[in-house]
Amino acid sequence: MVIHTPLPAIGRSMLGLLIPSIIYWVELLRGEHTCIDEIHFTYDRIKASLRDTHGGEGNETLKTVRIQGDEITHRIENLLDESEYYIERQGHLRCILKYLYNITHTCNLCSIAREINKIQKAAAPIQDLLCRFAHTGLGTIQTGRLENRHMAPVLNEFDFVGMIKSQQDLLQLLLNEEKGLKVIAVTGMAGAGKTTLTRHVYEKQQVKRHFNYRAWVQLEDSFTTKQMFLSLVTELHAESKKPLPEGISIMETDQLAGVIMRYLEENRRRYVIVLDGASERNLEKVQLEFVLNYALPKDNNGCRVVITTRNQQIVRQLLPQNHIIDVAALSNIESWILFCKRAFGQITDPPPHEAGKYIDRINDLCGGLPLAISVLGGILRREFHKYDKIITEFERSQTLGDATEILRASINDIDDENEKSCLLYFCSFPRSYAVTENNLIRLWCAEGFSQTEEAAKKYLSNLVERNIIQAAEGDYYEHAREGIKSYKVHDLMHGVLRIKAEESNFGTSSMSHQPRTYKRVRRLSVSDTSEVIPSKINLSQLRALFIFTKDTLILPSIFSTIRSLWVLSLENVPIGNFPKEILKCTHLRYLNLQNTKVNEIPTSIGNLRNLKTLNLKGTFVETLPKEILKLKNLHHLLAYRYDTLRYTHDPRRPDKVFGVKAPEGIGQLNKLYTLSVVVTDNDGDIIKDLANLHQLRRLGVMDLMEKDGKNLFRALNQMENISSVSITLKENELLDIKKLQLDQGAPRRLQRLYLRGGLKGGLPDWFSSLSNLARLRLSGSQLPHESIDNLKNLPNLVDLSLIRAFNVKILLCQGGFPRLKVLDIDQFDNLVKVEIREAMSQLTKMIIRSCPHLERIPLGIEKLLNVKELHLFEMPSEFVNKLRIFSEDGEKVQHIESKWVYNDGIQKEQVESAYTDTLESGGYETASEGKSGINEDFNDEITELEE
């Protein structure tokens, strides 16, 4: 008789854990992956439930369940990444080898199976709760959420309703006759417009002319005096385009104070410094009295320091009352005027429809804060029939009168979770940090918010239309947002995003949380090196790591716990070697080493097979290893640096650009969108490889030889999406571009073209067919005069830079250039005369550089009534003197608002003020040494190419 003894409880438990692993392993041995398929189904169901319950942030239970659901989806994503690696490897093996491969990787495969089992158990109750909320309709409770509406322009400068007196008061305090160093404070509550008002005045031409030095320092809460000094030194040197002192990052606080003092004491120059965002916390660390006493000269020449702060008590202890400008809340009448502008686009009296009966409720809700009024005006725009419902939603919350709550509601108003994630991503960057459009697009794609760059651009466009994000920098392009280079969010919005990101574990920028908190954090930003990253911290769920510091930093040994990393940015971090720990992050999709001191890429870079963006700009890498060819998913390869020598010792010497040598077979990376800048080889193999890069959009090549020109243009004709091309010829080479041909499609695609080097015989006839060309740089071309006819009929040309481009004494532009806005004439050694006849009617900026024999300002400039800026670099004093008031050409340029003269690349004087000073003192006094306002046009070629 056989007796069946039941298994002990512990035995049954162990068996329950082992069976799923054994089943999964056996399936893998047979080449099946049903467990992976099932976890895919779970992932899709939870994502759908999260979408169905979107907007229920007002229900605390639902909020918690949604956070848990979000965490489950991210665990699944990490697990799928891990399993994909093994499945992909064994997929290429035949039967016996596949079995052997799975046997040797048993531990890893069983670990994946166990994790699948854990996830499935955790996901079931969460999925059930989400479904219940979705079915009962609680998932769409409108608590602090509004449907299908757009935010009003919050982040652009709002009209100065009720702020005219504050603006006048600030100007008067900045420009008055008081000789000593004076400190001015601009105070007001969050959203009152302190920074907007101060920046508006700071950028006025009369302020620029009055002060020799200007610096704007954004104070972070964590700033110490040393960090504030480092920011101030950086701003001052950037303003005057001078290199930073050596060893600045290791200087002590008193040494930095000495650097600032000596810098500002030069020639007793007048300066204005803005400390934006002062708080009780950072002023305790910064020690304002120390700054004023030991870093800033007190010469009696009218220097000013402006502080913006929400806390009036801070400045009342330091400043007299008449040096404090309080930006008060708007009155009811002013609030209504601003609301009308935002909601209806104009001031209306009486109010349209029935909107007037809500005036009092709107005023009570916004409390006179311009930011809140602007946001609410956009939310209610064209929604007259919903006024009562929407306003009632806000009134139900006791805190919605605060602008931050209105901003929070505007975030919740975004239905698409991916689009909302794109917005939350701005909290990964420091406050007031401007991010280029292309960098945003690459990051969002790397994170999986968007599967294509086109879809990511649509998200960006939507956020711009909602006016939630703000254009930080632009140029003169006019092609549907083409002119916007970078974006940022308002400081108040940044704070709201940061709180929301931490609530949902989306990301954090603080190292002050409890260690257990970081186990769930998916994005971490470190901008303050005083907050040390603990070496034993668990960051197993971390998806993205940003480090923003120029201080010396030893990377902690945290990479062992973050192998699921997708995004890593070490831009400006002073590391000398490629961190080998990165090579363990096999799921990495975005790697940014820009402006580090890395000089070599290891051969094991081939491990990063998922990499989409590799940014090596500003590094010292000269050669790419052949293993780079293993990165089959690479979309953007950026690798170059340049030395700015243009205005140092030899003003005639152009910037030296350094590209990288690519391995033979670069054409295997056929998913590339950007390749900049690659050095060609003597055999021309690299140029031939380019013909395989059919998806390329931006291309930069250096050291091109004439014999390779035909192959290059043949490759360009096969690139269906090419929009930007930079070609630099090898020294002493000439390109016979007339013998080269672009097909009919290429001219329609090309928007930016940069040609460095001599061109034989002038421009070809097909050049005039570049109908979408917006920016053109010709450097060293030495063209005959008739080639100007190939340029003047380009219908969309906006920016034209001619650097030693024509070998002529007289440059005549007769007719044409219908949309040109920027004209830059540089280093025409023989040029004597420029004449513009019935051409360039839209020109807004003219730049003339280093033309020693040019006798006078271009003839016909007096008819170019749209010109707002004239910049003269390294021009003879005789030429400049003719532009003075009452001088020979003075009347011809009176309509131009800004006329600046530069020596050694530094802005020396504004023409009228310099002339006035001459009459009074008998000599020229520099009026404004600082930013040129030309956005470093000379260096834009490569930057524009890839940005």
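Residues numbered from 1 in each chain as written. Predicted model: local features only at pLDDT ≥ 70, side-chain atom pairs only at ≥ 80, totals over all residues. Heavy atoms only, no water.

Caption draft 1: Examining the pairing of strand S26 (residues 810-814) more closely. Burial of the side chains of S26 is restricted to one face: Leu 811 and Cys 813 are buried, whereas none of Ile 810, Leu 812 and Gln 814 on the reverse face is. Judged from the five bridges that link them, S26 and strand S28 (residues 833-837) form a sheet pairing that is parallel. By the bridge assignment for S28, Ile 810 is matched with Lys 833. (Buried < 20%, exposed > 50% of the residue type's maximum accessible area, 1.4 Å probe, protein only. Helix = DSSP H or I, 4+ residues; strand = E, 2+ residues; numbered from the N terminus. Pairing = 2+ DSSP bridges.)

Caption draft 2: Local environment of the packing of helix H15 (residues 359-366) against helix H16 (residues 370-379). Relative orientation of the contacting elements H15 and H16 amounts to 130°, with a least axis distance of 9 Å. On the basis of their axis angle, the class for H15 and H16 is oblique. When the axes of H15 and H16 are compared, the crossing they make is right-handed. Here Ile 362, Leu 365 and Cys 366 of H15 lie close against H16, whose contacting residues are Ala 372, Ile 373 and Leu 376. Along the lines of polarity and charge, the residues of the contact of H15 with H16 split into six nonpolar, no polar and no charged. (Axes fitted to C-alpha atoms, helices over the stretch in contact; angles between N-to-C directions. Parallel < 35°, antiparallel > 145°, perpendicular 65-115°, else oblique. Left-handed = near helix turned anticlockwise from the far one by under 90°. Contact = heavy atoms within 4.5 Å. Nonpolar A, V, L, I, M, F, W, Y, C, P; charged D, E, K, R; others polar.)

Caption draft 3: Broad picture of unusual backbone geometry. With an omega of 5°, the peptide bond between Ser 676 and Val 677 qualifies as cis. Mapped onto the secondary structure, Val 677 falls in strand S18 (residues 674-679). One non-glycine residue, Arg 804, adopts positive backbone phi at about 50°. A positive phi angle is found at Met 840, which is not glycine, with a value near 60°. With respect to the helices, strands and loops of the structure, Met 840 is situated in the loop between S28 and strand S29 (845-849). Judged by relative accessible area, which is 1%, Met 840 ranks as buried.

Caption draft 4: Structural detail: helix H9 (residues 225-240). Here H9 is 16 residues long and its end C-alpha atoms lie 23 Å apart, about the 22 Å a rise of 1.5 Å per residue gives. Listed as buried for H9 are Thr 225, Gln 227, Met 228, Phe 229, Leu 230, Leu 232, Val 233, Leu 236, His 237, Glu 239 and Ser 240. (Expected span 1.5 Å × (residues − 1).)

Caption draft 5: Quick peek at the pairing of strand S25 (residues 799-803). Most of S25 is tucked away, with five of its five residues classed as buried. Note: strand S24 (residues 775-779) against S25, five bridges, orientation parallel. Along S25, the bridge assignment pairs Leu 776 with Leu 800. Relative to strand S27 (residues 822-826), S25 runs parallel, the two sharing five bridges. Counted as the bridge partner of Ile 803 is Asp 826 from S27.

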